Amino acid sequence: MALAVLARLALAWTVTIAAASAMGDDAGGRLLSNNDVPLTQPFDAKGQFQYFAPDVPLGPRKPGDLRVGFIDSGTSAAHPQLLGLVVEERNFVGGPVHDELGHGTSVMLHFLHDSSAVRQKIPLKSDAPAAMMSAKVTRDGSDLRPESVLAAFNWLLAKNASIINISLGFEKRTPAVEKLCEAIRAANSTLVIAAAGNLGPAAKFYPASCGAENIIAVGAAAGSAVDPSSGSGDVFAEPSRLEARWHFLAQSGMAAARAGDFAQAAKLFEDSLAAQENPLALTQLALIFAREQKWAQARPLLERADQLVPDQDEVIQTLGAVLLALREPDMAIARFDRALQLNSHNQNALLNLARAWASKGERGRALDILQRAQANDPNDPRVGRLRASIDSQGAETR
C-alpha cells in the first residue's frame, strides 16, 4: 500500500484534539483525545465501555490481513464493535492488560468509524476490518514513559504491524525520547501515525516531531481551518464523534423495528435503558408493547418518559392513546388536550381526541374535532374512515 494512500487514511484515523493528562517529571508524556469521551466515567459498573462508533457493525467479526498497532492505554476487547478484531494485547506498564482509562478504546473506535468511511473513497485489497493489536503503556495517563512506548513499538514491529498509531506525545526530546525516534526511523517500512500535539504550532511533540520519513504527524482541524491549539502536522483531521452507549442501542433498536424484527428491537431498547434511563428507549419500547396490545405494560414506560421530558407532544398523545385503549377516556382526553396545547397540528392527537369523545357518546364533539383534523391535513385518509365509523356508531344508537 503506497505511503501517499496511507497518508490520506491517516487523516481520518487519528484522534488529535487534546485532553491532556497530568504531567509527570521531564520524561512524562500526555495522552491526546478529542474530548468527546469523558474519560473520568467511560465505563459502567460492569466495566463496559459506554461509547460506540456510529455506523460500525457489531461483532464478532473476522479481521483481514492488515495489522494495525495502537500504543495507548489498552483497549476493551469485549466491546461489541471490537469483538474478534483485537487479535493481541500486551501490557508494558503493570496492572491489568485491559483499558482502565478509556482512551485506547476510544482511539480504536475512531479508527473503525473513519477507516470504514475512507473505504468509500480509497479501495483497499480487502473489505475485512484490520486486525488490531493493543500495547498498553499507561494506566491513568500520569505514568506515561518513553521507555514503555519504545518497548511497545518494538513488540508491534515483531508482530508485523504495518501501521502503528500513537495518540500521545512527549514535549521534551530527552535521551529516552531520542531512542524512540531512532527506533521509528530505523523501521522505515512501517507507517507511524502520531498526534502533533495540542499546545499550538510553536510547541513540538514527539514522536510526531522526530523527523522520520515514515511518520505522519496529524494536527487538529476545526471545520475547514486548523485548530489554533494544534501542533504542526503533515495533515489535519477533524475527529469524528462517538455515541453514548444508550443512544447507540436505542437507534439500533429503531433500525431493527423498521426492519420488522420487533423482538430484537425490544431487546435493544431494554439494553439501552439498562445503560441509562432515557425517554427515547422508553417510548419506543412502549410502542412495541402497544403494537402487541400490551397496554398495561406500555403505560408506565410512557408515564416515565413524560416525567423525564414533559413537553414532548407525541409522547403525551401516545400515552393518551394507551389510556384510551385501557378504557380511561377522561384521562386520555386530558393528555390529548395537553399535546395539542404544545402542538396544535399534532394530527394523531386530533384523531385520538375524536375517538375519545366518541367513546363517551359525544358524537357532535367528536365530529367537530374531525373537522379540525380535516383542515389540518386534507389528504389524511384516516379522517374519512374515522368519520364513517363514528357515523355508523351514531346510526346504531338511533
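Residues numbered from 1 in each chain as written. Predicted model: local features only at pLDDT ≥ 70, side-chain atom pairs only at ≥ 80, totals over all residues. Heavy atoms only, no water.

Quick look at the overall build of the protein now. Within the protein, the secondary structure is distributed over 13 helices and 12 strands. A burial count over the protein gives 49% of its 398 residues as buried. In the protein, the share of contacts with a sequence separation of at least 24, taken over all contacts with a separation of at least 6, comes to 65%. (Helix = DSSP H or I, 4+ residues; strand = E, 2+ residues; numbered from the N terminus. Buried < 20%, exposed > 50% of the residue type's maximum accessible area, 1.4 Å probe, protein only. Contact = heavy atoms within 4.5 Å.)

By size, the foremost hydrophobic cluster in this structure holds 48 residues, and its most contacted members are Phe-269, Leu-353, Leu-370 and Ile-390. Looking at this core element by element, the count peaks at eight residues for helix α11 (residues 347-359). Residues Met-133, Phe-153, Ile-184 and Ala-187 belong to the second largest nonpolar core, which totals 33 residues. (Core = buried A, V, L, I, M, F, W, Y, C linked by side-chain atoms within 4.5 Å.)

Overall, the coordinates contain 16 salt bridges when judged by the stated rule. We note a salt bridge from Arg-304 to Glu-277, for which the minimum N-O separation is 2.7 Å. Linking Arg-304 in helix α8 (residues 295-308) with Glu-277 in the loop between α6 (262-275) and α7 (279-291), this pair joins segments that are 27 residues apart in sequence. Here Arg-304 falls in the partly exposed class, since its relative accessible area comes to 30%. (Salt bridge = Lys/Arg side-chain N within 4 Å of Asp/Glu carboxyl O.)

Bringing the state of the cysteines into the picture now. Two cysteines whose sulfur atoms are joined by a covalent bond form what is called a disulfide. Under the criterion given, the structure shown has one disulfide. Here Cys-181 engages in a disulfide with Cys-210; their sulfurs sit 1.9 Å apart. Disulfide Cys-181-Cys-210: the torsion about the S-S bond is -60°, which places it as left-handed. Separated by 29 residues along the polypeptide, Cys-181 in helix α4 (residues 175-186) and Cys-210 in the loop between β8 (191-195) and β9 (215-222) bring together distant segments of the chain. Each member of the pair, Cys-181 as well as Cys-210, carries the same accessibility label: buried. (Disulfide = S-S within 2.5 Å.)

Under the 1.5 Å per step criterion, the end-to-end length of helix α5 (residues 245-258) is 20 Å for 14 residues, consistent within 8% with the ideal 20 Å. When we look at burial in α5, the residues that qualify are Arg-245, Phe-248, Leu-249, Ala-250, Gly-253, Met-254, Ala-256 and Ala-257. Lining the buried residues of α5 we find β2 (51-52), β12 (243-244), α6 and α7. The first or second residue beyond α5 is Gly-260, which carries a positive phi of 90°. (Expected span 1.5 Å × (residues − 1).)

The next subject is the packing of aromatic side chains. Evaluated as defined, the whole model comprises five aromatic pairs. Each member of the aromatic cluster is reached from another via a ring pair, and the members are Phe-43, Phe-49 and Tyr-51. Of note, Arg-365 hangs over the ring of Trp-357, and the distance from its end group to the ring centre comes to 3.8 Å. (Phe/Tyr/Trp six-rings, centres within 6.5 Å; stacked < 30°, edge-to-face > 60°. Lys NZ or Arg CZ within 6 Å of the ring centre and 35° of its normal.)

What follows covers helix α9 (residues 313-325). Over its 13 residues, α9 runs 18 Å from end to end, which matches the ideal 18 Å to within 8%, given 1.5 Å per residue. For α9, a buried count of 10 out of 13 residues is recorded, marking the element as mostly surrounded by other parts of the structure. If you check which residues of α9 are buried, you get Asp-313, Val-315, Ile-316, Gln-317, Thr-318, Leu-319, Gly-320, Val-322, Leu-323 and Leu-324.

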